[in-house]
Amino acid sequence: MKEHSRVVVIGGGIVGAAVLYHLTKLGWSDVVLVERKQLTAGSTWHAAGGFHAMNSDPNVARLQAYGISVYKEVEEISGQDLGMHLTGGISIAATSERWEALRYEHARQKVIGIDSHLVGPGEIKSLCPIMDTEDVIGGLYIGNEGHLDPNGATQALAKSARKGGAEIYLNTKVEDLVHKSDGSWTVVTDKGNIHCEHVVNAAGLWAREVGRMAGVHVPIVPMEHHYLITGDIDEITEFDGELPLILDLDGEMYLRQERNGVLLGVYEKNSTPWSVDSTPWDYGESDLLEPRMDNIESALMQGFERFPSVAEAGIRRVVNGPFTFAPDGNPLIGPVRGVQNYWSCCGVMAGFSQGSGVALALSQWMIDGEPEGDVFAMDVNRFGAFATNAYTVEKAKEFYENRFTLLCPNDEWPAARPNKVSAFHDRLQKANAVFGSSYGLEVPLWFAPKGSSPVEIPSFRRSNAHDPVGEECRAVRESVGILDGSSFAKYEIFGPDAVAYMDYLFAGRLPEIGRIRMGPLLLPSGHLKGDLTVMRRAADKFMVIGSGYLQEFHMLWFEQHVGGNKVRIVNRSDELSAIAIAGPASRDLLNRVASGDLSNESMPFMSVRPMDVGIAPCLVARLSFTGELGYEIYVSPGLRARRL
Ligand SMILES: Cc1cc2nc3c(=O)[nH]c(=O)nc-3n(C[C@H](O)[C@H](O)[C@H](O)COP(=O)(O)OP(=O)(O)OC[C@H]3O[C@@H](n4cnc5c(N)ncnc54)[C@H](O)[C@@H]3O)c2cc1C
């Protein structure tokens, strides 16, 4: 075993193998993978092996399409048979809303370059003769979908990585991670230590344990998942061709051909989280869970209605296995805040659709300093301290049970809410606010008319929010509106080197004392990472305002660029409340409650100063998002008010 390596990838499932391959593909050959048992010994070996190009996030969909192209590449490099069946896939719609959503999806796929077309019930029946298409309105056919052998795919990626110079140590368990003062790592295994620059947590079912070795909380939970395999079905034996991969979105099930029978998987409504605190080390390799037939019975019945001959074929095998979910079902990838050179690559719920895309993005991040595209939907830093274990279990359960639920742009899911509330929450609730959730915080979206229920009805069209929001906009244009801005991220940056640091961090010029400027954050490539509001409070003291849901993402960036500067960066987002007022009457409103001169001469656009508002010491900034006259008021809501 090597004693030194540039990278140690922990975990030899489909994801770890894909990371190892992509590091070599992008030019890093001094890399190793450590696997406690054999390759595929976690969730990977018992997966159904289906892969899809469809994803609601276009950036993730692009990466999925790339990932599918990698299978052919590694088959050629390694000579390993992947058991690839490029059958094409059809997502079917049995309701008019779903049909509309598929048509929308089709249009989107055209834009991002995924080759798909809409098919009617007749064509679906000819491609999949075992389906009852009586109530099917249509489907979306994607040629670049199918299924493969999970073991073959993992081995092919691993062999291709070896050809690129990587080494793989099987039956070697990582037992601890020791962070050195220079940022490098000692990976302690039961076969000896490896010193490395970077560690990648691709430990799948055990990612939480490997996180804990470095003091990192990984917000994932394994969920039990069933599929069954049938005996032979005459219609399939006689069929000239292979069935496509079918996603029955309204029936919440998927189906593919397995020999002359089928594999039918279901996402049941009464889902079961598994091993919610930690995954036993003695699980894996060839273990499966006891099937819970009672739990999946009604989902199966729906499957049998859609595919009647499946019910008659006889069940040859039922598989119940665990795989991990983050609260929103997306992977958790990227550098982890506070632990230099520790990379997350876990929570990959659809390893065969996403493994190589995720691995490409992570490898680019490690090697080039940033991934090629926008992967925020998968960034581990989209979660913060609010994503506790209990939160994760509730959200993962909700996601699993709604895996194929038709989602509208204005959907707000209810699980694990309220988590955090602002100081104004009760008043907003009394005023009939409709709330959404952002970074765990309840945020008011709009106000329902008095007497009506404060609920937004999900829709692809104009929702019931349309008219009330119209009135709110008119009020801001013609008089004044008030917004709870507590969800804004608020950072204080100060210290002897604050100016040098801020000047390096932000691409724009820094404001004078008492003034405000926009501060663009740029990536090494020149792409925009963020555009924040920079307020200068004193010669060496700044307050920076950004989007609340990007707190961890921005804090990581701020901390990564401190260098030798003597500077303190404090995230005050949870401590400070904010109210934004905007509209032509906002100055009059503020004049009624604030001390001091608010005239244009005394307090021009983009200026900031401390001011008492009512009896509270506040920081008042003159700016607004609306284009109208406006102010943002920052205040510490604690009992002992702090002067900002
Ligand atoms: C029933 C079922 C059906 C599925 N069907 C599909 C499907 O059709 N399509 C699809 O895309 N996905 C499917 N999945 C999901 C898929 O299995 C996962 O997305 C994928 O396997 C995750 O891979 P991974 O590499 O992240 O994790 P894992 O497969 O869990 O791999 C982690 C590896 O890390 C190793 N490891 C952990 N800790 C250590 C340590 N300390 N030291 C050394 N090694 C360590 C483990 O031994 C293991 O081999 C299915 C899952 C289930 C349960």
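Residues numbered from 1 in each chain as written. Predicted model: local features only at pLDDT ≥ 70, side-chain atom pairs only at ≥ 80, totals over all residues. Heavy atoms only, no water.

Just to check I follow, could you spell out the overall build of the protein for this structure?
Scanning the protein from terminus to terminus reveals 16 helices and 30 strands. For the protein, the C-alpha radius of gyration of 27 Å lies close to 26 Å, the compact-globule estimate for 644 residues. Dimensions of the protein, computed from the C-alpha atoms along their principal axes, are close to 85 × 65 × 40 Å. Here the protein holds 644 residues, and 56% of them are scored as buried. The contacts of the protein with a sequence gap of at least 6 include a subset with a gap of at least 24, amounting to 70%. Taken as a whole, the protein presents about 27000 Å² of accessible surface, with 51% of it coming from carbon and sulfur. Between the averaged position of the 59 positive side-chain charges in the protein and that of its 81 negative side-chain charges there is a distance of 8 Å. (Helix = DSSP H or I, 4+ residues; strand = E, 2+ residues; numbered from the N terminus. Rg over C-alpha atoms; globule rule 2.2 N^0.38 Å. Buried < 20%, exposed > 50% of the residue type's maximum accessible area, 1.4 Å probe, protein only. Contact = heavy atoms within 4.5 Å. Areas by Shrake-Rupley, 256 points an atom, 1.4 Å probe, with all protein chains shown as cover. Lys, Arg positive; Asp, Glu negative; His and termini not counted. Charge placed at Lys NZ, Arg CZ, Asp CG, Glu CD.)

So what exactly am I meant to see when it comes to the layout of surface pockets here?
Think of a ball as big as a water molecule: rolled over the atoms, this probe shows where empty space is left. In this structure, the second largest pocket occupies an estimated 1300 Å³ of space. When residues of the lining of the second largest pocket are traced back to their parent elements, those giving at least two are helix H12 (425-430), strand S20 (441-447), helix H13 (466-478), strand S21 (481-484), strand S27 (577-582), helix H16 (586-593), strand S29 (616-621) and strand S30 (630-635). Looking at side-chain class alone, the lining of the second largest pocket contains 31 nonpolar, 6 polar and 4 charged residues. (1 Å grid on protein atoms, 1.4 Å probe; cavity = no way out; pocket = protein on both sides within 12 Å on 5 of 7 lines; lining within 4 Å. Points joined across faces, edges and corners; volume = space filled by probe spheres on them. Nonpolar A, V, L, I, M, F, W, Y, C, P; charged D, E, K, R; others polar.)

Looking at this structure, how should I read the site of the ligand?
Near the ligand, the surroundings consist of 39 residues, among which Glu35, Arg36, Thr44, Val348 and Gly351 are the closest. One of the backbone N or O atoms of phenylalanine 352 is found 2.8 Å from an oxygen atom in the ligand. In isolation the ligand offers 1000 Å² of accessible surface; the protein chains occlude 97% of this area. For the shell around the ligand, the secondary-structure elements that each account for two or more residues are helix H1 (14-25), strand S12 (221-230), strand S16 (315-325) and helix H10 (351-368). (Near = heavy atom within 4 Å. Polar contact = N/O pair within 3.5 Å; in protein donor to acceptor, adjacent residues only side chain to side chain.)

I'm lost on helix H14 (residues 498-505) in this one. Help?
An α-helical turn contains 3.6 residues, so a residue and the one three or four places further along point in the same direction. When we look at burial in H14, the residues that qualify are Ala498, Tyr501, Met502 and Leu505. One face of H14 carries all of its buried residues, which in axial projection span an arc of 95°. If you follow the buried residues of H14, they end up packed against strand S22 (489-494), strand S23 (516-522), strand S24 (528-538), strand S25 (541-546), helix H15 (551-560) and strand S26 (568-571). (Arc of directions from axis to C-beta.)

Looking at this structure, how should I read the nonpolar core?
Considering soluble globular proteins, one finds that nonpolar side chains tend to be buried as a cluster. With 77 residues, the main nonpolar core has Val9, Val19 and Val200 as its most contacted residues. When near neighbours in sequence (up to four residues on either side) are disregarded, valine 200 contacts Val7, Val8, Val9, Ile10, Val19, Trp343, Cys345, Leu362 and Met366. Core analysis: the second largest hydrophobic core is formed by 38 residues, Ile10, Ile194, Trp274 and Cys346 among them. (Core = buried A, V, L, I, M, F, W, Y, C linked by side-chain atoms within 4.5 Å.)

Quick question: what am I supposed to make of the environment of glutamate 73 here?
Topologically, glutamate 73 is positioned in helix H2 (residues 58-78). The spatial distance from the C-alpha of glutamate 73 to the C-alpha of leucine 157 is 9.3 Å, given a sequence separation of 84 residues. When residues no more than four places from it in sequence are discounted, the contact partners of glutamate 73 are Tyr21 and Lys25.

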